[in-house]
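# Close look at the chain arrangement
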Amino acid sequence: MNSSIATPSTSSDSNLDKPLCTEPSGSDSVSSPVARRPIPRKGHTKSRRGCFNCKRRRIKCNENYPECNHCNKAGLDCEYPANIIQAAQRLNQPPAPKDAVTLRSTPGNFTMSDMRLFHHFLITAYPHLPVGADKIWITVIPSFAHNYEFLIHSILALSASHLDAVSSANVAEEALSHRILAMKSLNDALSHPAKTRCESDARMAAALALAFQSSHLRDGLYEFLTMVRGCNLIAGKDQLMNADSAFHAFRAEGHLATMQNRLANSAYCAISPDHLDRAAESLEMVETLALADWERAFYSTLVQTVQHAYNDPVAAYTTFVTTYNIPSTWTHEEFQTFIDPNNCVAQILLAHWIAIQAILTPILMFERLGFQGVNAPSAFMEWILNIYRSLPASYRSHVEWCRTISTYPFHRFHGALKKRQLEIYDPAFNGSLQELTNGDS
């Protein structure tokens with residue numbers, strides 16, 4: 001980073017060589033020039049904590065956070081170094097109570113294996129959400145992760161499961177160990193209100209990391225749903241949509257607007273009509289079951305998603321993502337009933353939810369446009385098979401379509417989306433979605 005400061009213009013210094021006062025030109029007397037004292041320069045304060053744009057333009061930044069005056073006037077995206085962001089956030093918080101426990105300001109004890117996992121997280125294993133906000137996971141969150149035991153263990157847990165899925169590293173045991181420590185520490189933390197914005201962001205990051213880790217676990221469906229619900233509850237309780245939160249990108253005008261723009265400007269998100277027809281037929285069978293009112297709201301959202309997916313990918317995406325939010329509106333008892341493996345109706349709904357997510361691949365893969373991480377295989381399809389096997393024989397016909405979907409190779413869901421078209425649309429697709437295009441021409 002160039003930290004040099006522009007020097008003052010030389011024309012102002014040349015005035016120092018002129019006399020401060022002279023005799024009138026008509027005077028008969030001749031006198032020698034009066035000795036002068038140099039005029040001291042007016043002092044100024046250097047901006048050492050300014051944003052990247054002001055440093056690059058070599059102008060003084062007024063250091064307003066989250067957006068300085070120069071960037072605001074110029075319409076630029078104002079970005080500060082991660083350590084400056086955290087300092088600004090701390091200044092905006094009320095002073096902590098005197099009896100509050102002081103969090104560690106230095107990292108805890110890491111083994112070489114932990115360091116390897118942390119590096120893997122930063123390079124390839126971090127979540128792809130919020131859309132287009134990779135820097136949250138590779139700069140902001142790591143800058144304070146060591147201050148929160150639940151966060152650092154969540155990061156290491158996700159990284160271990162990801163590494164285990166994409167390599168032969170055999171670190172599943174480490175993934176489970178870190179997960180247990182993370183969940184215990186997070187539950188303890190959630191028993192009291194967050195003291196700072198930084199702590200709120202840490203809780204959200206930990207829940208998200210654990211949700212993503214659950215997606216790699218063969219028996220992780222119910223923990224995945226629990227963590228997703230937890231993310232929504234934390235976001236609402238701690239007001240993480242506010243501008244001072246690291247997860248401000250999840251707001252509607254951020255995440256949803258980005259996806260809507262991507263889908264509206266792409267010709268490559270068509271879904272196979274045959275998949276949609278069979279999904280609609282299967283959902284009609286589900287309607288004959290005895291659904292509770294809160295289950296019917298979930299079911300209706302799936303039906304609307306399929307209807308939109310025929311010719312309106314933007315509406316299909318916007319509708320489907322609400323299925324991730326609906327469980328957070330239920331009571332604790334309703335949610336526990338929904339994830340109960342003995343609730344056959346809920347199990348059938350979940351199987352359809354996963355299968356519909358699979359056929360929406362041509363739409364959902366646009367979440368990963370420009371994502372620099374590596375996509376690891378998930379256990380979603382295994383979850384469908386687990387549900388199918390656990391259902392009584394009399395209910396299995398209701399999930400036969402879902403079971404069929406779970407046996408397809410993933411590239412079958414691409415629709416009109418081929419590898420070469422992905423590369424033409426955006427070079428960032430090349431390689432980053434390789435496992436989705438495996439086998440395509």
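Everything quoted here is computed from the prediction, not taken from an experiment.

Looking only at helices and strands, one finds 22 helices and 0 strands in the chain. Burial analysis of the chain (441 residues in total) assigns 44% to the buried set. Within the chain, counting contacts between residues at least 6 apart in sequence, those at least 24 apart form 72% of the total. A total of about 23,300 Å² of accessible surface is found on the chain, and carbon and sulfur atoms cover 53% of it.

Glancing now at the UniProt feature "domain: Zn(2)-C6 fungal-type" (unreviewed entry) in the chain. The UniProt feature table records "domain: Zn(2)-C6 fungal-type" (unreviewed entry) at residues 50-80. Helix makes up 39% of residues 50-80 and strand 0%. Its end C-alpha atoms lie 7 Å apart.

This part is about the nonpolar core. Grouped together as the largest cluster of nonpolar side chains are 107 residues, with contacts concentrated most on Ile141, Leu151, Phe247, Phe338 and Trp353. Of the domains in this structure, domain 2 (112-248) and domain 3 (261-413) are the two that each give at least three residues to this core. For Phe338, the residues in contact, after removing those within four places along its chain, are Trp294, Phe298, Trp330, Asn343, Ala346, Leu349 and Leu350. By size, the runner-up hydrophobic cluster in this structure holds 7 residues, among which are Cys51, Cys54, Cys68 and Cys71.

Considering all chains together, one arrives at 6 salt bridges under this definition. With a closest N to O distance of 3.3 Å, Arg218 and Glu382 form a salt bridge. Of this pair, Arg218 sits in the loop between helix H9 (197-214) and helix H10 (221-237) while Glu382 sits in helix H18 (residues 380-390), and the two are 164 residues apart along the sequence. The exposure class assigned to Arg218 is exposed, which follows from its relative accessible area of 61%. A salt bridge links Glu400 to Arg403; its shortest N-O distance comes to 2.6 Å. Linking Glu400 with Arg403, this pair stays in helix H19 (residues 400-406), spanning 3 residues, or about one helical turn.

Take unusual backbone geometry next. For the bond running from Leu129 to Pro130, omega is 0°, close enough to zero to count as cis. Position of Pro130 relative to the elements: it lies in the loop between helix H5 (112-125) and helix H6 (134-144). Phi is positive for Glu63, close to 65°, though the residue is something other than glycine. Relative to the assigned elements, Glu63 resides in the loop between helix H2 (52-57) and helix H3 (69-74). Taking the relative accessible area as the measure of exposure, Glu63 reaches 33% and is therefore partly exposed.

Each packed pair of helices is defined by two parameters, the angle between the axes and the distance between the axes. Orientation of helix H16 (residues 344-359) relative to H18, taken along the N-to-C sense of each, is 150°, at an axis distance of 10 Å. Compared by their axis directions, H16 and H18 come out roughly antiparallel. Crossing of H16 against H18: the hand is left-handed. In this structure, H16 contributes Gln347, Leu350, Ala351, Ile354, Ala355, Gln357 and Ala358 to the contact, and H18 contributes Phe380, Met381, Trp383, Ile384, Ile387 and Ser390. A breakdown of the residues in the contact of H16 with H18 according to their chemical character gives 10 nonpolar, 3 polar and no charged.

Looking now at a negative patch on the surface. On the surface, Asp274, Asp277, Glu281, Glu284 and Glu287 cluster together to form a negatively charged patch. Considering the arrangement of structural elements, one finds Glu284 in helix H12 (residues 273-286).

Looking now at the packing of H9 against H10. Orientation of H9 relative to H10, taken along the N-to-C sense of each, is 160°, at an axis distance of 8 Å. The orientation of H9 relative to H10 falls into the category roughly antiparallel. Crossing angle aside, the handedness with which H9 passes H10 is left-handed. Along its contact with H9, which presents Ser200, Arg203, Met204, Ala207, Leu208, Leu210, Ala211 and Ser214, the element H10 presents Glu223, Phe224, Met227, Val228, Cys231, Ile234 and Ala235.

The next subject is the confidence of the model for the chain. Overall, the prediction assigns the chain a mean pLDDT of 80, with 75% of residues at 70 or greater. Predicted confidence is poor over residues 1-31, with pLDDT under 50, and the contacts of this stretch with residues over four places away or in other chains come to 15 contacts. In this model residues 89-107 is a low-confidence stretch, pLDDT under 50, and it forms 20 contacts with partners more than four residues away in sequence or in other chains.

Turning to helix H14 (residues 313-321), a few remarks are in order. Within H14, 7 of the 9 residues are buried, leaving the element largely enclosed by the surrounding structure. Within the span of H14, buried status applies to Pro313, Ala315, Ala316, Tyr317, Thr319, Phe320 and Val321. Summarising the contacts, the buried residues of H14 are in contact with helix H11 (252-264), helix H13 (293-309), H16 and helix H17 (361-364).

Within the secondary structure layout, Glu295 lies in helix H13. Comment: no salt bridge for buried Glu295; closest opposite-charge side chain is Arg296, at 8.1 Å.

Along the polypeptide, Asp164 turns up in helix H7 (residues 149-166). Relative accessible area serves as the criterion here: at 27%, Asp164 is assigned to the partly exposed category. Asp164 sits 52 residues away from His216 along the chain, and the two C-alpha atoms are 9.3 Å apart. What Asp164 contacts, discounting residues up to four positions off in sequence, is Asn170, Val171 and Ala172.

Cut-offs used in this document
Residues numbered from 1 in each chain as written. Predicted model: local features only at pLDDT ≥ 70, side-chain atom pairs only at ≥ 80, totals over all residues. Heavy atoms only, no water. Helix = DSSP H or I, 4+ residues; strand = E, 2+ residues; numbered from the N terminus. Buried < 20%, exposed > 50% of the residue type's maximum accessible area, 1.4 Å probe, protein only. Contact = heavy atoms within 4.5 Å. Areas by Shrake-Rupley, 256 points an atom, 1.4 Å probe, with all protein chains shown as cover. UniProt positions renumbered as here; feature names shortened; annotations may be inferred. Core = buried A, V, L, I, M, F, W, Y, C linked by side-chain atoms within 4.5 Å. Domains from an automatic or database assignment. Salt bridge = Lys/Arg side-chain N within 4 Å of Asp/Glu carboxyl O. Axes fitted to C-alpha atoms, helices over the stretch in contact; angles between N-to-C directions. Parallel < 35°, antiparallel > 145°, perpendicular 65-115°, else oblique. Left-handed = near helix turned anticlockwise from the far one by under 90°. Nonpolar A, V, L, I, M, F, W, Y, C, P; charged D, E, K, R; others polar. Patch = residues over 30% accessible without salt bridge, like charges linked within 9 Å, V, L, I, M, F, W, Y side chains within 5 Å. Lys, Arg positive; Asp, Glu negative; His and termini not counted. Charge placed at Lys NZ, Arg CZ, Asp CG, Glu CD. pLDDT = per-residue confidence, 0-100.

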